[in-house]
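Next come the chains, spelled out residue by residue.
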Amino acid sequence: MVKFRKYLLAGAALCLLLCCGCGQEEPSVPTEVLDFDLDTAAAMVDEVEWLCTWLQTQDTVSRDTAEAFVDRVNQLLRPSEGDNLLAISLTDAADRNDPALETLTIRHDMIQPTVYYEGVSLVSATEERRCETAEETGACREHIASLRIRKEYAGDDPELQGWYLEYVFTQYAHDGDWSFTCYNSTESINVPAQLSLRPAFAEAPYTSPKKKKKGGRGASRRCSPPALFRWEADGLNSVRRGSGSRPPPPPGGAPRPPGCPHPPPGWP
């Protein structure tokens, strides 16, 4: 009976937390609200931000590349989240399930504003802790916490004024792992916008997603500039139609990420 009550209380706490964490009305439950380290929070979402930006700079992607994008996002967030982010980035979400299509077309009328675009930045990380305390000692017996990592747009685009998006994570034990739960946003994740890329996009220590070669040791790890950059006679021709000026190409051609960083775990 005691064990059943323990699981029942834990389940109730989880339901209350998720209702609060995913944009629903917050119940009246005592919480401890703390400021979470913003640098640590940034590291938790940075690769996903870069991958979403990278996808939005492409005109088309091969099916293998799309699958690699999905696999990596699923690893970083949760199963199925990669499929969700890919689907809303396609001109036709149904293309994802059409095996006759070897390439998928990326839409450019809707994007997710990420920290790799001008005007977008992480502004806060807030942790809310809840626990059932033991009557005898007052110690926390059932711990559950949520973490909201919030990014906002602070640029000049009138259509994006007031826009924000939060990553919501859940923790089930003190000092335990944080598990992605959902997004919380003003409207949808992708919005109609035309934003300029930050230089940091080309400098980030990530590589475009690639599937492992069948029967081999994996795709090449050779560094190459993101597909966004196409140097032509008139300077930088950006797939993302930003409003920034086009600088002349530097000596030696397109910019490269510094060094040749090791790919993150799980990448080819």
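That block above? That's the structure.
All values reported here derive from a predicted model rather than from experimental measurement.

Novice: Even after reading the chapter, I still don't get the overall build of the chain, so can you show me in this structure?
Specialist: Secondary structure summary: the chain contains five helices and nine strands in total. Each helix and strand of the chain, ordered N terminal to C terminal, gives the series α-β-α-β-α-α-β-β-β-β-β-α-β-β. Sorting the 268 residues of the chain into buried and exposed places 41% on the buried side. Counting only contacts in the chain whose residues sit at least 6 apart along the sequence, the fraction spanning at least 24 positions is 66%. Put simply, the chain shows about 14500 Å² of open surface, and 52% of that area lies on carbon and sulfur atoms.

Novice: How should the pairing of strand E7 (residues 178-185) be read in this particular structure?
Specialist: Burial runs high along E7: seven of the eight residues are buried. The antiparallel pairing of strand E6 (residues 164-171) with E7 creates a hairpin that spans six residues between the two strands, and Asp 175 there sits at a positive phi of about 60°.

Novice: Would you mind showing me how to read unusual backbone geometry here?
Specialist: What you tend to see is this: most non-glycine residues have negative phi, and most peptide bonds are trans. Positive phi, close to 90°, is recorded for Ser 80, a residue that is not glycine. Take Ser 80: it is sitting in the loop between helix H3 (63-76) and helix H4 (81-87). Ser 80 gets classed as partly exposed once you look at its relative accessible area, which sits at 37%. Positive phi values are uncommon outside glycine, yet Asp 175 reaches one of about 60°. Among the secondary structure elements, Asp 175 is positioned in the loop between E6 and E7.

Novice: It is not clear to me how the packing of aromatic side chains should be interpreted in this structure. Could you clarify?
Specialist: One pair of aromatic rings is described through two measures. These are the centre distance and the angle between the planes. Under the defined criterion, the tally for this structure stands at eight aromatic pairs. Each ring, one from Tyr 116 and one from Phe 201, has its centre 6.3 Å from the other, and the planes form 75°; the classification is edge-to-face. Of this pair, Tyr 116 sits in the loop between strand E3 (103-105) and strand E4 (120-133) while Phe 201 sits in helix H5 (residues 200-203), and the two are 85 residues apart along the sequence. Residue classification places Phe 201 among the buried positions, given a relative accessible area of 1%. One aromatic cluster is present, built from ring pairs that chain together Trp 50, Tyr 116, Phe 201 and Tyr 206.

Novice: Looking at this model, I keep getting lost on helix H2 (residues 38-56). Mind explaining?
Specialist: Each α-helix winds once per 3.6 residues, and so residues spaced three or four apart point in a common direction. Compared with the 27 Å implied by 1.5 Å per residue over 19 residues, the 25 Å span of H2 between its first and last C-alpha is a close match. Its maximal kink placed at Val 45, H2 deviates by approximately 45°. Turning to H2, its buried residues are Ala 41, Val 45, Glu 47, Val 48, Glu 49, Trp 50, Leu 51, Cys 52, Thr 53, Trp 54, Leu 55 and Gln 56. Of the residues flanking the start of H2, the one acting as N-cap is Asp 37, its side-chain oxygen 3.4 Å from the backbone nitrogen of Asp 39.

Novice: I keep staring at the nonpolar core and nothing clicks. Help me out?
Specialist: Nonpolar side chains tend toward joint burial in soluble globular proteins. One finds Leu 77, Ile 149, Tyr 167, Phe 169 and Tyr 183 to be the most contacted residues of the largest nonpolar core, which totals 47 residues. Those elements that provide at least two residues to this core are H2, H3, H4, E4, strand E5 (140-153), E6 and E7. Considering every element that reaches this core, the biggest residue donor is H2, with eight residues. If we skip the residues at most four places from it in the chain, Tyr 167 touches Val 45, Val 48, Glu 49, Leu 77, Gln 112, Leu 147, Arg 148, Ile 149, Lys 151, Phe 180, Cys 182 and Tyr 183.

Novice: Explain the environment of Leu 34 to me, please; I cannot follow it from the model alone.
Specialist: Among the structural elements, Leu 34 can be located in strand E1 (residues 32-35). With 92 residues separating them in the primary sequence, Leu 34 and Thr 126 have C-alpha atoms 5.9 Å apart. If sequence neighbours within four positions are ignored, Leu 34 has contacts with Ala 125, Thr 126, Glu 127 and Arg 129.

The rules behind these values
Residues numbered from 1 in each chain as written. Predicted model: local features only at pLDDT ≥ 70, side-chain atom pairs only at ≥ 80, totals over all residues. Heavy atoms only, no water. Helix = DSSP H or I, 4+ residues; strand = E, 2+ residues; numbered from the N terminus. Buried < 20%, exposed > 50% of the residue type's maximum accessible area, 1.4 Å probe, protein only. Contact = heavy atoms within 4.5 Å. Areas by Shrake-Rupley, 256 points an atom, 1.4 Å probe, with all protein chains shown as cover. Pairing = 2+ DSSP bridges. Phe/Tyr/Trp six-rings, centres within 6.5 Å; stacked < 30°, edge-to-face > 60°. Expected span 1.5 Å × (residues − 1). Bend = angle between axes of the 7 residues up to and from the residue. Polar contact = N/O pair within 3.5 Å; in protein donor to acceptor, adjacent residues only side chain to side chain. Core = buried A, V, L, I, M, F, W, Y, C linked by side-chain atoms within 4.5 Å.

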